[in-house]
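Each chain, written out:
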Amino acid sequence: MCKYIETERLLLRELFPSDDLGMFELDSNPEVHRYLGNNPVTDIEQSREIIANIRERYLTRGIGRWAVILKGTNEFIGWSGLKLEKDVNGHDYFYDLGYRFIPKHWGKGYAIETANAFVNYGFNTLKLDTINAYADASHKASRNVLEKAGFKYINTFEYQGEEEVWYEIKNPNK
Ligand SMILES: CC(C)(COP(=O)(O)OP(=O)(O)OC[C@H]1O[C@@H](n2cnc3c(N)ncnc32)[C@H](O)[C@@H]1OP(=O)(O)O)[C@@H](O)C(=O)NCCC(=O)NCCS
């Protein structure tokens, strides 16, 4: 199985324990957590635990979020990718697309570039039928990423006390 994806500007690969500083820069920033319904981390040990949990998911569920590296500088700029999730909006198990970037890297099209790459990977390598995604209903930037990557809005639902929107994209080759 392919363990990395290369796009025009980015390298997408599994998260490693050595991504701890980058993950801490990402998840300790309150701006990043504005629409996520959880609190920023305050200790790098929390970031190490998050990486360990994601790496565990690679083994138990065969997939998980990947690190996003800027090819030009080799910098860690965030994560993106597919996760096998369960029990959201009436869906038992589903493949969820998500992304999270350090704010200085917003507004450059990196999230859209990774969304396109993971849709392609999900449909052509993993042969999935459907990929879903959900976001806070008022999270315009995230909805823009999904719509630019070809996802269709399906419905609005309540999740953990928040109004969320559900998106879907179908494999055109199935
Ligand atoms: C959600 C998030 C990834 C969106 O970031 P973003 O910077 O808006 O998305 P992108 O990196 O794809 O950038 C898109 C913008 O870059 C601009 N851009 C600049 N160069 C570009 C290029 N080469 N290609 C495409 N867009 C480019 C575009 O103007 C585009 O905005 P537009 O479509 O409105 O014109 C970011 O806000 C984030 O990480 N938030 C914190 C975590 C989070 O909320 N995750 C989602 C949870 S549902």
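Small disclaimer: the values here were computed from a predicted structure and weren't measured. (Residues numbered from 1 in each chain as written. Predicted model: local features only at pLDDT ≥ 70, side-chain atom pairs only at ≥ 80, totals over all residues. Heavy atoms only, no water.)

1. Regarding the side chain of Asp20
- Position of Asp20 among the secondary structure elements: in helix H1 (residues 20–27).
- Non-local contacts of Asp20, meaning those with residues more than four positions away in its chain, are made with Ile44, Ser47, Arg48 and Ile51. (Helix = DSSP H or I, 4+ residues; strand = E, 2+ residues; numbered from the N terminus. Contact = heavy atoms within 4.5 Å.)

2. Observations concerning the packing of H1 against helix H2 (residues 44–60)
- Direction vectors running N to C along H1 and H2 enclose 110 degrees, while the axes themselves pass 9 Å from each other. Considered as vectors, H1 and H2 are oriented roughly perpendicular to each other. Crossing angle aside, the handedness with which H1 passes H2 is right-handed. Contact residues: Asp20, Leu21, Met23, Phe24 and Asp27 in H1; Ile44, Ser47, Arg48, Ile50, Ile51 and Ile54 in H2.
- Tallied by class, residues from the contact of H1 with H2 come to 7 nonpolar, 1 polar and 3 charged. (Axes fitted to C-alpha atoms, helices over the stretch in contact; angles between N-to-C directions. Parallel < 35°, antiparallel > 145°, perpendicular 65-115°, else oblique. Left-handed = near helix turned anticlockwise from the far one by under 90°. Nonpolar A, V, L, I, M, F, W, Y, C, P; charged D, E, K, R; others polar.)

3. What about the nonpolar core?
- Within the largest apolar cluster, 45 residues are counted, with the highest numbers of intra-cluster contacts made by Leu97 and Phe151.
- Of all the elements, helix H3 (residues 110–125) adds the most residues to this core, at 8 residues.
- Leave out the neighbours within four places in its chain, and Phe151 touches Leu97, Val119, Ile131, Asn132, Ala133, Leu146, Tyr167, Glu168 and Ile169. (Core = buried A, V, L, I, M, F, W, Y, C linked by side-chain atoms within 4.5 Å. Buried < 20%, exposed > 50% of the residue type's maximum accessible area, 1.4 Å probe, protein only.)

4. A few points about the environment of Asp96
- Here Asp96 lies in strand S5 (residues 91–101).
- Judged by relative accessible area, which is 3%, Asp96 ranks as buried.
- Separated by 11 residues in sequence, Asp96 and Glu85 have C-alpha atoms that sit 6.4 Å apart.
- Excluding residues that lie within four positions of it along the chain, Asp96 makes contacts with Arg65, Gly81, Leu82, Lys83, Glu85, Asn132, Ala133 and Tyr134.
- Engagement of the side chain of Asp96 in a polar contact is seen with the side chain of Arg65, the distance being 2.7 Å. (Polar contact = N/O pair within 3.5 Å; in protein donor to acceptor, adjacent residues only side chain to side chain.)

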